[in-house]
Amino acid sequence: MSVELDGNILVTGTNRGIGLDLVKMLAERTGQRSHIYACCREPEGSRAEALKELVTQYPGKITLIKLDVSNEDSVVSAVQVVSAHVGAAGLNLLINNAAVNMPERPALMSATGKQDMMLSYEINVAGPFLISKMCLPLLQKAAEIRSSDDGDNMSCRRSAIINISTLFSSIEKCPETFPMAQMVPYRTSKAALNMLTCCQAEDFKTHNILVAGLHPGWVRTDMGGEIAPLSTEESVRGMLNVMSSLSNKDSGFLLDWEGNRIPW
Ligand code: NDP
């Protein structure tokens, strides 16, 4: 069964790439009572122009929030602002999308340093960990409010965390994918994000909060590069369809943009 996404939705890393199209398509596809909290590092800066255009295009539907996921103070301030906006309704969906792939191409193991490992872990794992932890009371509120309709059923409409991961995080798939691109800091940090996903799913199931990892496919963005086969629109359309169909059986797992389960 698929449920239309709606309610209060927070997305990180939204000034470009997949995050920008997530905001655009969520604004298009969700009803008037929905609101999108679009987070980015510099909402006032020139790098957020495309995002600001979306705010104008969808009046009253999108709020820009300043958030650097690697900075704890920034996470606290962002969640405070969101909390004041959503009030008793809470937060229905948190999409942890912001990430880095360091060092820039070609990311060979021999050209990778400690700093690349530490920064990748800070942004790709500690970031989603912190923001999810701070948003937990808001997610709990949303799950409680929709309990009368949904009982013990979990969904992205009710209350959920989606951690954007990658096929390259799969340990089982590593012999196949390693020759394509080494990307050791990125792979290891996303594998840790997968474990975070499992831990959160276990911890939060008593609150009926769904937690899943999602691989967007290989997408034409600054990170994915120009030869990637998927446009951001194709990837995001697929991921939103998958999110709409997620239920209890999917919590604690990693799926791709077409809904196929990826082995750890
Ligand atoms: P991009 O590099 O195009 O965009 C990354 C986004 O993350 C930007 O908005 C960037 O903001 C933001 N970001 C980076 N660091 C921080 C930070 N410290 N705090 C807040 N925001 C930050 O990446 P994609 O759009 O391609 O990737 C989106 C997600 O999809 C990522 O999780 C990625 O791992 C995953 N993915 C992508 C694939 C692809 O082929 N593109 C394949 C598999 C997974 P800023 O402009 O300020 O740097």
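Our structure's up above, just so we're on the same page.
Residues numbered from 1 in each chain as written. Predicted model: local features only at pLDDT ≥ 70, side-chain atom pairs only at ≥ 80, totals over all residues. Heavy atoms only, no water.

### Describing the layout of surface pockets
In this model, the second largest pocket occupies a volume close to 200 Å³. Lining the second largest pocket, in full, are Asp 6, Gly 7, Asn 8, Arg 33, Ala 89, Asn 92, Ala 142, Ile 145, Arg 146, Asp 149 and Arg 157. Within the lining of the second largest pocket, the residues separate by chemical class into three nonpolar, three polar and five charged. (1 Å grid on protein atoms, 1.4 Å probe; cavity = no way out; pocket = protein on both sides within 12 Å on 5 of 7 lines; lining within 4 Å. Points joined across faces, edges and corners; volume = space filled by probe spheres on them. Nonpolar A, V, L, I, M, F, W, Y, C, P; charged D, E, K, R; others polar.)

### Regarding the packing of aromatic side chains
In total, this model carries zero aromatic pairs according to the counting rule given. One residue, Arg 187, lies across the ring of Phe 168, its end atom 4.6 Å from the ring centre. The lysine or arginine in question, Arg 261, covers the ring of Phe 253, its NZ or CZ lying 3.6 Å from the ring centre. (Phe/Tyr/Trp six-rings, centres within 6.5 Å; stacked < 30°, edge-to-face > 60°. Lys NZ or Arg CZ within 6 Å of the ring centre and 35° of its normal.)

### Some words on the sheet that holds strand 5 (residues 160-164)
Spatially, 3-2-1-4-5-6-7 is the arrangement adopted by the seven strands of the open sheet, whose pairing is parallel. Edge positions in the sheet fall to strand 3 (62-66) and strand 7 (254-256), since each has one partner strand and no second. Sheet twist, expressed as the average angle between the axes of neighbouring strands with direction ignored, equals 20°. Here strand 4 (residues 93-96) pairs with strand 5 via four bridges, running parallel. (Pairing = 2+ DSSP bridges. Helix = DSSP H or I, 4+ residues; strand = E, 2+ residues; numbered from the N terminus. Axes fitted to C-alpha atoms, helices over the stretch in contact; angles between N-to-C directions.)

Purely geometric stuff here, so don't read any function into it on its own.
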